[in-house]
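Observations on the model geometry
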There are 2 protein chains.
Amino acid sequence: MPIAEIILADINSFKAEDAAQNIGKGNVSWKQLDASNRDELITTLKDVDLVLGFLPPKFGFSLVENCIDAGKNLIDVSYMSENPLELHDEALKANMTVVPSCGLAPGLSNMFVGHAVAKLEQTQEVHIMVGGLPEKPVPPLNYVITWSPESLIDEYTCKARIVEDGKIIEVEALSGLEKIEFESVGKLEAFYTDGLRTLLHTVGKVKKMWEKTLRYPGHAEKIRLLRDLGFFEKEKVSVEGVLVAPRNLTSKLFEEKLSKPEVKDIVVLRVEVSGLESGQNKRYIYKLLDRYDDKSRVSAMARTTAYPAVVVAELLLKGAIREVGVIPPEILAMDEKLYKMITYELKKMRIKISEEVVEEY
Amino acid sequence: MPIAEIILADINSFKAEDAAQNIGKGNVSWKQLDASNRDELITTLKDVDLVLGFLPPKFGFSLVENCIDAGKNLIDVSYMSENPLELHDEALKANMTVVPSCGLAPGLSNMFVGHAVAKLEQTQEVHIMVGGLPEKPVPPLNYVITWSPESLIDEYTCKARIVEDGKIIEVEALSGLEKIEFESVGKLEAFYTDGLRTLLHTVGKVKKMWEKTLRYPGHAEKIRLLRDLGFFEKEKVSVEGVLVAPRNLTSKLFEEKLSKPEVKDIVVLRVEVSGLESGQNKRYIYKLLDRYDDKSRVSAMARTTAYPAVVVAELLLKGAIREVGVIPPEILAMDEKLYKMITYELKKMRIKISEEVVEEY
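Note that the coordinates shown come from a computational prediction; the quantities given were computed from them, not determined experimentally. (Residues numbered from 1 in each chain as written. Chains lettered and ligands numbered in written order. Predicted model: local features only at pLDDT ≥ 70, side-chain atom pairs only at ≥ 80, totals over all residues. Heavy atoms only, no water.)

We now examine the overall build of chain A. Scanning chain A from N- to C-terminus turns up 12 helices and 17 strands. Counting only C-alpha atoms, chain A reaches 65 × 50 × 40 Å along its principal axes. Expressed as a percentage of its 361 residues, the buried residues of chain A come to 50%. The contacts of chain A with a sequence gap of at least 6 include a subset with a gap of at least 24, amounting to 66%. Carbon and sulfur atoms form 49% of the exposed surface of chain A, whose accessible area is close to 17,000 Å². Each charge sign in chain A was given a centre, from 47 positive and 56 negative side chains, and these centres are 4 Å apart. (Helix = DSSP H or I, 4+ residues; strand = E, 2+ residues; numbered from the N terminus. Buried < 20%, exposed > 50% of the residue type's maximum accessible area, 1.4 Å probe, protein only. Contact = heavy atoms within 4.5 Å. Areas by Shrake-Rupley, 256 points an atom, 1.4 Å probe, with all protein chains shown as cover. Lys, Arg positive; Asp, Glu negative; His and termini not counted. Charge placed at Lys NZ, Arg CZ, Asp CG, Glu CD.)

Have a look at this one:
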């Protein structure tokens, strides 16, 4: 089903126009739009069938609210500190569908978890490992920035919520450090980050559940150094008569020193879900390794974040998704038929997912 | 010979009073004095026999000039980017003595070099290794600040002048990294810093001459990370509408996070001078390990920086040093009798120096 018309909206009209032109083919127009202006947003939403949301954290939750008010289906990738599931009843009442956290992780990671959880009679452990990395380690941090430096620093400073012994607990960011060997990539390190989000509410009782972020070895120690020296602190300090938050300066330097558009990226994702199935211990393992696409010049991070949202949007538009309310990706993927449709569409976009089931004795 | 009277001067009257009271015994008074105000300085100097200079870098050279103008002998520890030897003729004319760089390194290090150079017929290599360290590595940098954070950052960013193949060359700060085992201290790392100063002019022809700074292992890599990420840059960047130099913020954070007055310090110094003596290859090795003094609560850094200056000042006052002009410590130490007097006095202050001569075949 070809999409009839796309309107690309951004607060910056140049960026909107530029992005619309980059898409090139099809019926793509653009619009200058301030998503924090409710009236402007509602007016724009009137004319569309479905919204794809890619907003900064502070506008994430209000986009969900506004789409419900406007009665428009929303597939969203925006990070938000609020819990979108709280809007489930309102979305139900409005008879519309919101799929929040529908990117890479949260997003694809949730789908894999949901898919496995639906097979198991009793889920015991959920392990998510995910990272966007340069193809090869790039000094000084063995990392390049493929998203916002502010969000990166958030990831390194916000406590992570994980499940331990069946209880939700908070752990320090960058803790739980371990080394892992990844096929075709090599040695990586992994540490807790706050990526479970809706899974904390949808998966039900599990013994253990966590998300860890993947980086090349040595990264976490360097980031810890910056944190311990105070470079991520939000509280302003007086420097030669002006007040400045160390975190904001660091963010600026990160943007300057770690943005290397010439460096090609990869995305690594591994989800392991173990539990009981017909009295048997089983472990479901999902793996994904995506690379920068030379032909379209689209990064692995952009591919694996945007394509899941696009695929779900298309399925919603053609009626394959019928559930209403706030439906996170793991719930969609609990439906085997829907999961197969999603992964089939992703495969067409050359996002390859390997699935494995291991029986454990 | 007891000193008759000490006047302690500082631009901050509270600091002057506090320091004077801390000395306690003897005839110690204090004075508020702005050393950058020439008239005020010259007026103060009129009444004294000898000046001990401990000023920030930017006032170092002008203190030498002003002491020459006032005809007052000066023993100085201040760092200065200018070359004090350029004032030798003026000091000669004024018939007074300036001993510049008379602290730890430059200072004691220069004395050891001078002492060995005087023995050798032909000096080939001069290696100086020096460091002020916490007693044990202290995270996150395995280091605590015992002097100004600005000077510390200078040390990590200024190119170092060394002699290589008989020529003075400039090398990157933090380069030349090597690991060294130190008796009673353990494994340390060493890297080039710009500490040769007057030695570049006084030692004469040598094949190789360098100073390296000592730190606990891992320090240099962490400092390099901060440098590579731009945290030592002087050029201001715009952060949320205000302009700030990353270096100044870093300086501030260093002061806050690395000042740990409760941590006891040590000072390590090793000087090796090799060359020919009576047709024989000889290596002179000087070692010093000093510790925080629990009784007087004086740090090893303060002890090894101030006591050499005090000892030389006393020798000058009692007429043991008769040379006039700008006489750096290495020149004093070329006189065996004077060197013995200096080290004897230092030994009374429990600064112990070990000397060793190795014949090399």
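A few words now on the pairing of strand 10 (residues 186–192) of chain A. For a regular strand, the rule is simple: side chains alternate between the two faces of the sheet. All names here are of chain A. Burial within strand 10 is extensive, with six of its seven residues counted as buried. In this structure, strand 9 (residues 178–182) lies alongside strand 10, joined through five bridges in antiparallel fashion. Counted as the bridge partner of Ile180 is Leu188 from strand 10. Linking strand 9 back to strand 10 in an antiparallel pair, the connection comprises three residues, with Ser184 at a positive phi of about 65 degrees. (Pairing = 2+ DSSP bridges.)

Moving on, we get to the relation of the copies chain A and chain B. Under the fitted operation, chain A is carried onto chain B by 0.0 Å of movement along the axis and a turn of 180 degrees, and the coordinates agree to an RMSD of 0.0 Å. Such a turn and shift between the copies fits a two-fold axis. Interface overlap between copies is the fraction of interface residues in one copy that are interface residues in the other; for chain A against chain B it reaches 100%, indicating a shared surface. (Least-squares fit on C-alpha atoms with pLDDT ≥ 70 in both.)

This part covers the interface of chain A and chain B. Of the residues lining the interface, 28 residues belong to chain A; the matching set on chain B comes to 28 residues. When chain A packs against chain B, close to 2,500 Å² is buried across both sides, 76% of that on carbon and sulfur atoms. The tally of links between chain A and chain B comes to two salt bridges. Where Lys257 of chain A meets Glu233 of chain B, a salt bridge forms, and the shortest distance between an N and an O atom there is 2.8 Å. Linking chain A to chain B there are four residue pairs in polar contact (both at pLDDT 80 or more). Grouping the constituent residues of the side of chain A that touches chain B by class yields 16 nonpolar, four polar and eight charged. (Buried area = accessible area lost by both parts, 1.4 Å probe. Salt bridge = Lys/Arg side-chain N within 4 Å of Asp/Glu carboxyl O. Polar contact = N/O pair within 3.5 Å; in protein donor to acceptor, adjacent residues only side chain to side chain. Nonpolar A, V, L, I, M, F, W, Y, C, P; charged D, E, K, R; others polar.)

Residues and elements named next belong to chain A. For Asn110, the position within the fold is in helix 5 (residues 108–119). Sequence separation of Asn110 and Val271 is 161 residues, and the distance between their C-alpha atoms is 9.0 Å. Leave out the neighbours within four places in its chain, and Asn110 touches Thr198, Leu199, Pro329 and Glu330. Polar contacts involving the side chain of Asn110 include one to the side chain of Ser109, which spans 3.1 Å. A polar atom in the side chain of Asn110 sits 3.0 Å from the side chain of Glu330.

Residue and element names in this part refer to chain B. Taken in spatial order, the four strands of this open sheet run 3-4-5-16, and their pairing is parallel. Each edge of the open sheet is held by one strand with a lone partner, namely strand 3 (50–53) and strand 16 (325–326). The pairing of strand 5 (residues 97–99) with strand 16 spans two bridges and is parallel. Of the residues in strand 16, the one forming a bridge with Thr97 is Gly325. Packing of helix 3 (residues 57–70) onto the sheet brings it into contact with strand 3, strand 4 (73–76) and strand 5, and relative to strand 4 it is tilted by some 160 degrees. Contacting strand 3, strand 4 and strand 5, helix 10 (residues 300–317) crosses the sheet at an angle of about 170 degrees to strand 3. (Axes fitted to C-alpha atoms, helices over the stretch in contact; angles between N-to-C directions.)

All names here are of chain A. Of the consecutive residues Pro139 and Pro140, the connecting peptide bond is found in the cis state with omega at 0 degrees. At Ser184, a position not held by glycine, the phi torsion is positive, near 65 degrees. Structurally, the position occupied by Ser184 is in the loop between strand 9 and strand 10. Among the residues examined, Ser184 registers a relative accessible area of 57% and is labelled exposed.

Where helix 8 (residues 219–228) of chain A contacts helix 8 (residues 219–228) of chain B, the two axes come as close as 11 Å, and the packing angle between them is 75 degrees. Taken as axis vectors, helix 8 of chain A and helix 8 of chain B run roughly perpendicular relative to one another. Packed against helix 8 of chain A, whose contacting residues are Glu221, Lys222, Leu225 and Leu226 of chain A, the element helix 8 of chain B presents Glu221, Lys222, Leu225 and Leu226 of chain B at the interface. Tallied by class, residues from the contact of helix 8 of chain A with helix 8 of chain B come to four nonpolar, no polar and four charged. (Parallel < 35°, antiparallel > 145°, perpendicular 65-115°, else oblique.)

It is worth spelling out the pairing of strand 14 (residues 265–277) of chain A at this point. Residues and elements named next belong to chain A. Within strand 14, 12 of the 13 residues are buried, leaving the element largely enclosed by the surrounding structure. Across 12 bridges, the pairing between strand 6 (residues 122–134) and strand 14 is antiparallel. The residue of strand 14 that forms the bridge with Val126 is Val273. As paired elements, strand 14 and strand 15 (residues 280–291) share 12 bridges and run antiparallel to each other. Bridge pairing in strand 15 links Val267 to Asp290. What sits between strand 14 and strand 15 in their antiparallel hairpin is a turn of two residues, with Ser278 showing a positive phi close to 50 degrees.

Turning our eyes to something else, we now look at helix 1 (residues 13–23) of chain B. A side-chain oxygen of the first residue of helix 1 of chain B lies 2.9 Å from the backbone nitrogen of Phe14 of chain B; this N-cap is Asn12 of chain B. Backbone geometry just downstream of helix 1 of chain B places Gly24 of chain B in the positive-phi region, at approximately 75 degrees.

So, on to the side chain of His127 of chain B. All names here are of chain B. Along the chain, His127 turns up in strand 6 (residues 122–134). The class of His127 is buried, set by a relative accessible area of 16%. Here Glu125 takes part through its side chain, which lies 2.7 Å from a polar atom of the side chain of His127. Apart from residues no more than four positions distant in its own chain, His127 is found in contact with Trp210, Arg270, Val271 and Glu272.

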